[in-house]
Amino acid sequence: TTTSAKSDMKEFLEVVSKAKHIAVITGAGVSAESGVPTFKGDGGQWKTWQYQDIATPEAFSRNPSRVWEFYHHRRHLVLTQKPNAAHLALAECEKRMRKQGRSMVIITQNIDDLHREAGSKHVLNIHGSVMETRCVSCGDIAVNHQHPVCASLEGTGSPDPEIPEAQIPVDQLPRCEQSDCRGLLRPNVVFFGETLDSHLLTKVEKELDICDLCLVVGTSSIVYPAAMFGPQVASRGVPVAEFNMATTPKTEYFTYHFQGPCGSTVPLALA
Ligand code: BJW
Ligand code: ZN
C-alpha cells in the first residue's frame, strides 16, 4: 500500500506538545505485547471457530455453553496479562497532561482492563468488558472477577480442537443472582451485529468533536463503527497518527503512520 502519511517522529513530538485534548482509539494490537492474541492474527481462533462465528448473539442463543467456554478462556488470558509499555506510556501522558490542564481520553475496543490497570483514568470501553456479566432476562450488569464464573466452567475452554466441548446444560451456566430472577448471564461485551451502547456512543462523538489530536493504536480499522472514528476526526483537518505493525484500510486518511510494535513506538511518540 502506498501512503502519504508521514513518519516524522520529531515533527510529531511538536504536535503532541501543543495538543490540548488527545483522543486515543485502541484495538487488540495494543494488548498484543501483553500476550493477549489479536483477532485477525494467528490467535484469532478458538478451536475451529473464528470470532465472527462465536462472538455473535445467534451463537449465544444456539449454544451458550460454547460461547461461555470461549469467554472462560478469554477471561483466563486477561486475568493473567499485565499492561505493557504502550499502555503505560499512554497513562503517563494522561497524568502529565492533567497536571497541565490538558486532557486525554482512551476509546478502546478492547474488553480487557489493561488501560485502567496501567493507570489511565478516562477510558471508554465501547465493546464492553469481559469482567462483567449481563443478565439476558432482567438486564442486570455486574462486575465479576470470579474465576471460573461458575463451577461447571472449571477446566473447560481449551482452544485445542482435539479436546471436546464441555456441552454444559444451560441451568449450570452462570445464572443471575438478583432475587427471583435466575436468568441466564452472558458476558457484557458487544457481539458482532449488536449495537453499541448509545449513551457511550454520544460520549465518544463529543470526544471526537473536541480533540485536537487523535492517535489510532493497534487496530485493523475493519470493524465498525470504531473504524470510522479516526477518519471522522481527520475530516475536520485535525492530525491523526496511526501506530500499527502494518498499514490498514484507513491509513490513507491519516497524517502520520508509525510502523512497528506500539510498545516501542508509542513511548517514543509520547516521550
Ligand atoms: C499491532 C501489534 C503491535 C498487532 N503493535 N499494532 C459498516 C460497514 C460494514 C459492516 C458494518 C458496518 N457497520 C457495522 C457493520 C457490521 C460489523 C462490522 O464492522 N463488520 C466488519 C467486519 C465489516 N459491526 C458490528 O456488528 C458492530 N455493531 C454495529 O455496528 O451495530 C449496528 C449494526 C447492527 C447490525 C448490522 C449492522 C449494523 C459491533 C461490532 C462489535 C465487535 N465486537 C468484537 C468482539 C467483542 C467481544 C470480544 O472481544 O470477544 O470486538 S469483534 C472484534 O473486533 C472485537 C474487537 O474489539 C474488534 C476490533 O478488532 P481490532 O481491535 O482492530 O483487532 P484486530 O485483530 O482486527 O487488529 C489488530 C491490529 O493490531 C492489526 O492491525 C495488527 O496489525 C495490529 N497489531 N500487534 C501495534 N504489537
Ligand atoms: Zn436477572
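A few points on the structure.

### Quick word on the coordination of the zinc ion (ligand 2)
Then comes step 1: Only C135 (SG), C138 (SG), C176 (SG) and C181 (SG) from the protein reach the zinc ion (ligand 2) as donors, at distances of 2.3 to 2.4 Å.
Then comes step 2: Viewed at the metal, the four donor atoms of the zinc ion (ligand 2) are separated by angles of 103 to 116°, and the geometry they form is tetrahedral.
Then comes step 3: Sequence spacing of the donor residues for the zinc ion (ligand 2), all on one chain, is C-x2-C-x37-C-x4-C.
Then comes step 4: Using a relative accessible area of 3% as the deciding quantity, one classes C135 as buried.

### Topic: the packing of helix α6 (residues 85–99) against helix α10 (residues 262–269)
Then comes step 1: Between α6 and α10, whose axes approach to 7 Å, the crossing angle comes to 20°. Looking at the two axes, α6 sits roughly parallel to α10. The hand of the α6/α10 crossing is left-handed. Contacts from A85, A86, A89 and L90 in α6 reach C262, G263, V266 and P267 in α10.
Then comes step 2: Looking at side-chain class alone, the contact of α6 with α10 contains seven nonpolar, one polar and no charged residues.

### Details of the nonpolar core
Then comes step 1: Among the nonpolar cores identified, the biggest contains 26 residues, and F12, I22, L215, F243 and V266 are the most heavily contacted of them.
Then comes step 2: Every element with two or more residues in this core is listed here: α1 (9–18), β1 (21–26), α6, β4 (103–108), β9 (213–217), β10 (240–244), β11 (256–259) and α10.
Then comes step 3: If one sorts the elements of this core by residue count, α6 sits on top with five residues.
Then comes step 4: When near neighbours in sequence (up to four residues on either side) are disregarded, L215 contacts F12, I22, A23, V24, I25, L90, A241, F243 and L270.
Then comes step 5: Counting 24 residues, the second largest nonpolar core, distinct from the first, contains I54, F60, L185 and F191.

### Quick look at the site of ligand 1
Then comes step 1: Of all residues adjacent to ligand 1, which total 34 residues, the nearest are Y71, G193, E194, S220 and N244.
Then comes step 2: F39 has a polar backbone atom sitting 2.7 Å from an oxygen atom of ligand 1.
Then comes step 3: Take R74: an N or O atom from its side chain is 2.7 Å from an oxygen atom of ligand 1.
Then comes step 4: In the complex, the protein chains occlude 75% of the 1500 Å² of accessible area that ligand 1 would expose alone.
Then comes step 5: Those elements giving two or more residues to the shell around ligand 1 turn out to be α2 (29–32) and α5 (64–80).
Then comes step 6: Grouping the constituent residues of the shell around ligand 1 by class yields 18 nonpolar, 12 polar and four charged.

### Some remarks on the side chain of T108
Then comes step 1: Examined against the element boundaries, T108 turns out to sit in strand β4.
Then comes step 2: A polar contact of 2.6 Å, which involves the side chain of T108, links it to the side chain of T26.
Then comes step 3: Setting aside chain neighbours within four positions, we find T108 in contact with T26, H115, V123, L124, N125, I126 and H127.

### Notes on α1
Then comes step 1: Within α1 the residues assigned to the buried category are M9, F12 and V16. Along the axis of α1, the buried residues cluster in a sector spanning 55°; they form a single face. Facing away from the buried side of α1, by more than 90 degrees, are the exposed residues K10 and K18.
Then comes step 2: Those residues of α1 that are buried lie in contact with β1, β9, β10, β11 and α10.

### Notes on the sheet that holds strand β5 (residues 123–125)
Think of a sheet as strands paired side by side through backbone hydrogen bonds, with each pair either parallel or antiparallel.
Then comes step 1: Across the sheet, which stays open at both edges, the six strands sit in the order β5-β4-β1-β9-β10-β11 with parallel pairing between neighbours. Every other strand in the sheet has two partners, leaving β5 and β11 as the edge strands with one partner each. Strand-to-strand twist of the sheet, defined as the mean angle between neighbouring strand axes without regard to direction, takes the value 15°.
Then comes step 2: For β4 and β5, the ladder comprises three bridges, and the chain directions are parallel. By the bridge assignment for β5, T108 is matched with N125.

The rules behind each value
Residues numbered from 1 in each chain as written. Chains lettered and ligands numbered in written order. Predicted model: local features only at pLDDT ≥ 70, side-chain atom pairs only at ≥ 80, totals over all residues. Heavy atoms only, no water. Donors = N, O, S within 2.8 Å, 3.2 Å for Na, K, Ca; no water. Tetrahedral: all angles 85-135°; square planar, octahedral: opposite > 155°, others 65-115°. Buried < 20%, exposed > 50% of the residue type's maximum accessible area, 1.4 Å probe, protein only. Axes fitted to C-alpha atoms, helices over the stretch in contact; angles between N-to-C directions. Helix = DSSP H or I, 4+ residues; strand = E, 2+ residues; numbered from the N terminus. Parallel < 35°, antiparallel > 145°, perpendicular 65-115°, else oblique. Left-handed = near helix turned anticlockwise from the far one by under 90°. Contact = heavy atoms within 4.5 Å. Nonpolar A, V, L, I, M, F, W, Y, C, P; charged D, E, K, R; others polar. Core = buried A, V, L, I, M, F, W, Y, C linked by side-chain atoms within 4.5 Å. Near = heavy atom within 4 Å. Polar contact = N/O pair within 3.5 Å; in protein donor to acceptor, adjacent residues only side chain to side chain. Areas by Shrake-Rupley, 256 points an atom, 1.4 Å probe, with all protein chains shown as cover. Arc of directions from axis to C-beta. Pairing = 2+ DSSP bridges.

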